[in-house]
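Now for the letters of each chain:
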Amino acid sequence: MTALNRVPSLMARAGTASALTIAAVGGSIVAPGLSAEAEAATPATKALQVAASKKGAPYKWGATGPYRFDCSGLTLYSFKKAGKKLPRTAAQQYNKTRHISAKSRKAGDLVFFHSGSNVYHVGIYAGKGKLWHAPKSGDVVRLQKIWTKSVWYGRVS
């Protein structure tokens, strides 16, 4: 068995593997929600990868990681790991980003859910109409289709 063939079994035993470990044995890294084409390692792309790596982490109101998150805690944590600072709440994060149109959105942009002018939820756009987010109490961090048109987009600069 070659080293490359052992990667899945090694990952199953270890639970997770670092990107360096996978690369060392000649494997490739796939993050759900990212396109297959090579993307530049921008802070937004890195934040998206961090959020995807937290798949299955439990929701906890007020939590900012690394093992539990609320919605804005996940975005704050993900961008912090990517070298960018965001404020704590979804509304504050919206006010801190460069607002962009749905047509201009890219993977790694923030998706803000609103009712009127009130921002109440945030996630990280993954492309193809989906986002990574920490939905609500009793749920876990997951990739989900955007379910409403009442969203705004923001780019972290």
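Please refer to the structure higher up on the page.
From a predicted model like this one, the values you see are computed outputs, not experimental measurements.

Peer 1: I'd like to hear about the overall build of the chain, residue by residue, with values.
Peer 2: Looking only at helices and strands, the chain features five helices and six strands. Shown N-terminal to C-terminal, the secondary structure of the chain runs as helices and strands in the order α-α-α-α-α-β-β-β-β-β-β. Here the chain holds 157 residues, and 39% of them are scored as buried. Long-range pairs, those at least 24 residues apart, make up 50% of the contacts in the chain between residues at least 6 apart in sequence. Summed over all atoms, the accessible surface of the chain reaches about 9,200 Å², with 55% contributed by carbon and sulfur.

Peer 1: Describe in detail the pattern of salt bridges, supporting the description with residues and values.
Peer 2: With the rule as written, the count across this model stands at three salt bridges. The partner of Asp 70 in a salt bridge is Arg 88, and the shortest N-O contact between them spans 2.8 Å. Within this pair, whereas Asp 70 is found in the loop between α3 (43-53) and α4 (71-81), its partner Arg 88 is found in the loop between α4 and α5 (90-96), the two being separated by 18 residues in sequence. Here Arg 142 and Asp 139 are joined by a salt bridge, their closest N and O atoms 2.9 Å apart. You can call Arg 142 partly exposed: its relative accessible area is 29%.

Peer 1: Tell me about the packing of α3 against α4, and please be specific about residues and values.
Peer 2: Put simply, α3 and α4 touch, their axes get as near as 8 Å, and they point 125° apart. In terms of orientation, α3 lies oblique with respect to α4. Handedness of the α3/α4 crossing: right-handed. Facing Pro 43, Ala 44, Lys 46, Ala 47, Val 50 and Ala 51 of α3, the residues of α4 in contact are Leu 74, Tyr 77, Ser 78, Phe 79 and Lys 81. Taken together, the residues of the contact of α3 with α4 break down into eight nonpolar, one polar and two charged.

The rules behind each value
- Residues numbered from 1 in each chain as written.
- Predicted model: local features only at pLDDT ≥ 70, side-chain atom pairs only at ≥ 80, totals over all residues.
- Heavy atoms only, no water.
- Helix = DSSP H or I, 4+ residues; strand = E, 2+ residues; numbered from the N terminus.
- Buried < 20%, exposed > 50% of the residue type's maximum accessible area, 1.4 Å probe, protein only.
- Contact = heavy atoms within 4.5 Å.
- Areas by Shrake-Rupley, 256 points an atom, 1.4 Å probe, with all protein chains shown as cover.
- Salt bridge = Lys/Arg side-chain N within 4 Å of Asp/Glu carboxyl O.
- Axes fitted to C-alpha atoms, helices over the stretch in contact; angles between N-to-C directions.
- Parallel < 35°, antiparallel > 145°, perpendicular 65-115°, else oblique.
- Left-handed = near helix turned anticlockwise from the far one by under 90°.
- Nonpolar A, V, L, I, M, F, W, Y, C, P; charged D, E, K, R; others polar.

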